[in-house]
Amino acid sequence: MLTLIIIISVLNLLANEPVIPILGFHGIVNSKTPTSQLLEMHYPQQDLEKSLEYLVRHNYWFLTTQDLYDFFLTKSQKIPKEYSNQKPIMISFDDGYKTVDTNLLPILSKLEQKYGKKIKVVLFINPGIMERKGITSSTHLGCQDLRKGLKKGFYDIQSHGLNHKDLTTLTRKELVKELQQAQIKLRQCTQDLDPQKKVASHIAYPYGASNKQVQHYASKYYLSSYLYNNRILKYGCLKNYYEIPRIPINRKISFHQALDIAEGFHQIKSQDKCDEK
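Please read all numbers here as calculations on a predicted model, not as lab measurements.

### Describing the overall build of the protein chain
Scanning the protein chain for helices and strands turns up eight helices and twelve strands. Burial statistics for the protein chain: of 277 residues in total, 53% are counted as buried. Considering only residue pairs separated by 6 or more positions, the protein chain has 71% of its internal contacts joining residues 24 or more positions apart. With an accessible surface of roughly 13800 Å², the protein chain has 49% of that area assigned to carbon and sulfur atoms.

### Re the packing of helix α5 (residues 143-151) against helix α6 (residues 172-190)
It is the contact of α5 with α6, at a shortest axis distance of 9 Å, that shows an interaxial angle of 65°. Here α5 and α6 pass one another in a crossing that is right-handed. Residues Cys143, Leu146, Arg147 and Leu150 of α5 form the contact with α6, whose own contacting residues are Leu186, Cys189 and Thr190. Each residue belonging to the contact of α5 with α6 can be placed in one class, and the counts come to five nonpolar, one polar and one charged.

### Observations regarding helix α7 (residues 212-221)
Looking only at α7, the buried set comprises Val214, Gln215, Tyr217 and Ala218. Where α7 is buried, its residues meet α6 and β10 (224-228). N-capping of α7 is provided by Asn211, with a side-chain oxygen placed 3.1 Å from the backbone N of Gln213.

### Brief notes about a positive patch on the surface
On the surface, Arg132, Lys165, Lys173, Lys177 and Lys185 cluster together to form a positively charged patch. Checked against the element boundaries, Arg132 lands in the loop between β7 (121-125) and α5. You can call Arg132 partly exposed: its relative accessible area is 44%.

### Structural notes on the nonpolar core
With 36 residues, the main nonpolar core has Leu52, Ile91 and Phe93 as its most contacted residues. For this core, the elements supplying multiple residues, two or more each, are β2 (22-25), α2 (45-57), β5 (60-62), β6 (87-94), α4 (99-115), β7, α5 and β8 (155-159). Broken down by element, this core gets its largest block of residues, six residues, from α4. The contact partners of Phe93, leaving out residues within four places of it in the chain, are Phe25, His26, Ile28, Leu48, Val100, Leu104, Val121, Val122, Leu123 and Phe124.

What counts as what
Residues numbered from 1 in each chain as written. Predicted model: local features only at pLDDT ≥ 70, side-chain atom pairs only at ≥ 80, totals over all residues. Heavy atoms only, no water. Helix = DSSP H or I, 4+ residues; strand = E, 2+ residues; numbered from the N terminus. Buried < 20%, exposed > 50% of the residue type's maximum accessible area, 1.4 Å probe, protein only. Contact = heavy atoms within 4.5 Å. Areas by Shrake-Rupley, 256 points an atom, 1.4 Å probe, with all protein chains shown as cover. Axes fitted to C-alpha atoms, helices over the stretch in contact; angles between N-to-C directions. Left-handed = near helix turned anticlockwise from the far one by under 90°. Nonpolar A, V, L, I, M, F, W, Y, C, P; charged D, E, K, R; others polar. Polar contact = N/O pair within 3.5 Å; in protein donor to acceptor, adjacent residues only side chain to side chain. Patch = residues over 30% accessible without salt bridge, like charges linked within 9 Å, V, L, I, M, F, W, Y side chains within 5 Å. Salt bridge = Lys/Arg side-chain N within 4 Å of Asp/Glu carboxyl O. Lys, Arg positive; Asp, Glu negative; His and termini not counted. Charge placed at Lys NZ, Arg CZ, Asp CG, Glu CD. Core = buried A, V, L, I, M, F, W, Y, C linked by side-chain atoms within 4.5 Å.

Such coordinate-based values are descriptive only and should not be taken to indicate function.
Given below as structure tokens:
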């Protein structure tokens, strides 16, 4: 229920502020998962379902990366009337764990049937470590898994680098390969389903690691980039589209840590106030 607590106590408080929370998850575990496999980064399926259902019932708009870019960052498109009274949020999942297909996709389908509303989630994928054809023991999604969720309209598939390497440690040649090949392979997987090439137009830095060189080369292939910094997006203040903030959510965040995360949100005093660097 931690995600629900964060959402209720923080997001509702800031409903009228120009902010957009971007939450980052990884794998999704169910009650039958062996204790030995309960990694800290993974999140309970039951709690996630309750949180998503709360968001659906309370009129949240589940943004894709392109929605955020078009409607809020660049403002190149006007917000459609049907979304004008909704509260925007982005739900993302990193690394492409198989549990996205086995434990998350059924939740999305169930909530759509119950409420008639489609929840879109962003998947930041490393195509270099995706499940290979004919191998069913992989812990990661395969191309067919991605295509299934994309066809159903639930997935926004974006890049997380080719092989989940720390981009700040690479040579220029290695960096370009990680950025370029990730985009090429993801688009090859989905090309017939993605005529506008929205797949792999945005990237989340593996480990949240970036520097000026990484951002420079990322800008040659992607429209925007995401990192982890425990901050909420004040989109009217964001000047660098290659430093979009996300809040990491995992199963071991304590109540006091959640309060620490929320502390920064309470410092937002007005729509015009931006942090100075």
